Amino acid sequence: MTAVIAKRFVQNPLLSPKDLKPSRAGLEIACLLNPGVFTFQNKTWLLIRVAERPQQKPGIISFPVLKAGGIEIIEIQENDPDLIATDPRVINYKGADYLTTLSHLRLVCSDDGIHFYQPEGYPLLQGEGEDEAFGIEDCRVVLIEDTYHLTFTAVSGHGVGVGMRTTKDWQTFEKQGMIIPPHNKDCAIFEERINGKYYALHRPSSVDLGGNYIWLAESPDGIHWGNHKCLIKTRKNNWDSKRVGAGAAPIKTAEGWLEIYHGANANHQYCLGAFLMDLNDPSKVIAQTDEPIMQPEADYELSGFFGHVVFTNGHLVNNDELTIYYGAADEFVCAAKFSIQDILAHLKYNHAT
Ligand code: MAN
């Protein structure tokens, strides 16, 4: 059991696949998940990951990939001996990995942070070019000075990397390209500079030596990153034993930079935890929670496209109140409130390096 109290919204799920329209004829929305969160023009906005695929026919797995000029639907017989399809999210066919859905990012907004609608006149953000052919996912949004920085997972046959686009008005976007190459995801930029430098958390995925650990990088301009340092590792026999990854931008508190992160175990069950970095030198991790601060418990978190998942990459802070928006079971968009003091009180300082 978790000791920290997550107050789930009674309105959860706030958004389900049926609530939005597919981006094009011939596709259906399989999942709405993992929103980036920001405020703009006095409203709460979510930049939701919308995962689509063709309606599935019996005996066939079909999924879209982006090509110059449109999408191509790939169809594979379920009993094809060259197909490995044990995970609903990814398949392997003839030795190559593919995603079973194609994700784009979509804007919805709200006056109360609970009821969201898709406003007229805002573009969908879709994968562009070869390195985003399998879609873009799980966007973190951070406002630095007057520019929103969007960091998202760019997926293609080339691998999984971190893409960036910037915008001031959510109408026009500047492509900054792939800022961290494969295999990497979960990139969260700090909202302010520390001693003149930009900082970001990110997650290289290691296949052999090392592991799926959270790293810190610094940058002179918020776009070009270097001086990478490993911060948080997976913990054996624990809820975060297989992979860890940063959530949204770290939260500035009197005690340090507080980061909410996700961890998964070998059974791909995703929970949330927290760690604290030194205010002046975020490469120093001062404390970390032992137990999750939130774990899948509600029906909509336990079963769905991929059950036993709570995953956050967007939140709002109002004094002590932290509202996280999160993906539940990789299918629904939900929200929960925490007290920041409550999370801080559950940090264990014996992890200090
Ligand atoms: C993992 C999961 C999927 C995601 C891919 C690519 O398999 O997080 O949901 O689509 O990685 O990022």
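Residues numbered from 1 in each chain as written. Predicted model: local features only at pLDDT ≥ 70, side-chain atom pairs only at ≥ 80, totals over all residues. Heavy atoms only, no water.

*Asks:* Whenever I open this one, the nonpolar core confuses me. Can you help?
*Replies:* Soluble globular proteins tend to pack their nonpolar side chains together in the buried interior. Residues Leu258, Met294, Tyr326, Phe338 and Ile343 are the most contacted members of the largest nonpolar core, which totals 26 residues. Secondary-structure elements contributing two or more residues to this core are β20 (257–264), β21 (270–277), β24 (321–328), β25 (332–339) and α2 (340–345). Within the second largest apolar cluster, 18 residues are counted, among which are Phe190, Ile194, Ile232 and Val285. (Core = buried A, V, L, I, M, F, W, Y, C linked by side-chain atoms within 4.5 Å. Buried < 20%, exposed > 50% of the residue type's maximum accessible area, 1.4 Å probe, protein only. Helix = DSSP H or I, 4+ residues; strand = E, 2+ residues; numbered from the N terminus.)

*Asks:* Sorry, what's going on with the pairing of β20 here?
*Replies:* Looking down a regular strand, the side chains alternate between one sheet face and the other. For β20, the buried fraction is high: 8 of the 8 residues fall into the buried class. Residues Trp257, Glu259, Tyr261 and Gly263 point to one face of β20 and Leu258, Ile260, His262 and Ala264 to the other, with burial holding for every one of them. With 4 bridges connecting them, strand β18 (residues 243–246) and β20 associate as antiparallel partners. Bridging from a neighbouring strand, Val244 pairs with Gly263 of β20. Bridging between strand β19 (residues 251–252) and β20 involves 2 bridges; their strand directions are antiparallel. Considered in β20, the bridge of Ile251 is made with Leu258. Count of turn residues in the β19/β20 antiparallel hairpin: 4 residues, of which Gly256 carries a positive phi of about 155 degrees. Here β20 runs beside β21; their pairing, made up of 8 bridges, is antiparallel. Its bridge partner lying in β21, Tyr261 is registered against Gly273. The loop that links β20 with its antiparallel partner β21 comprises 5 residues; one of these, His268, has a positive phi angle of about 60 degrees. (Pairing = 2+ DSSP bridges.)

*Asks:* What is the right way to read the pairing of strand β10 (residues 135–144) from this model?
*Replies:* A large share of β10 lies buried, amounting to 9 of its 10 residues. Judged from the 8 bridges that link them, β10 and strand β11 (residues 147–156) form a sheet pairing that is antiparallel. Paired with Ile144 across the strands is Thr147, a residue of β11. In textbook terms, the turn of a hairpin is the stretch between consecutive antiparallel strands, and for β10 and β11 this stretch comprises 2 residues, one of which, Glu145, has a positive phi near 50 degrees.

*Asks:* Quick question: what am I supposed to make of the side chain of Asp342 here?
*Replies:* With respect to the element layout, Asp342 can be found in helix α2. Of the side chains bearing the opposite charge, Lys7 lies closest to the buried Asp342, which forms no salt bridge; the N-O distance is 7.8 Å. Once residues within four sequence positions are removed from consideration, Asp342 is found in contact with Val4 and Ile5. (Lys, Arg positive; Asp, Glu negative; His and termini not counted. Salt bridge = Lys/Arg side-chain N within 4 Å of Asp/Glu carboxyl O. Contact = heavy atoms within 4.5 Å.)

Coordinates in, geometry out; function isn't part of it.
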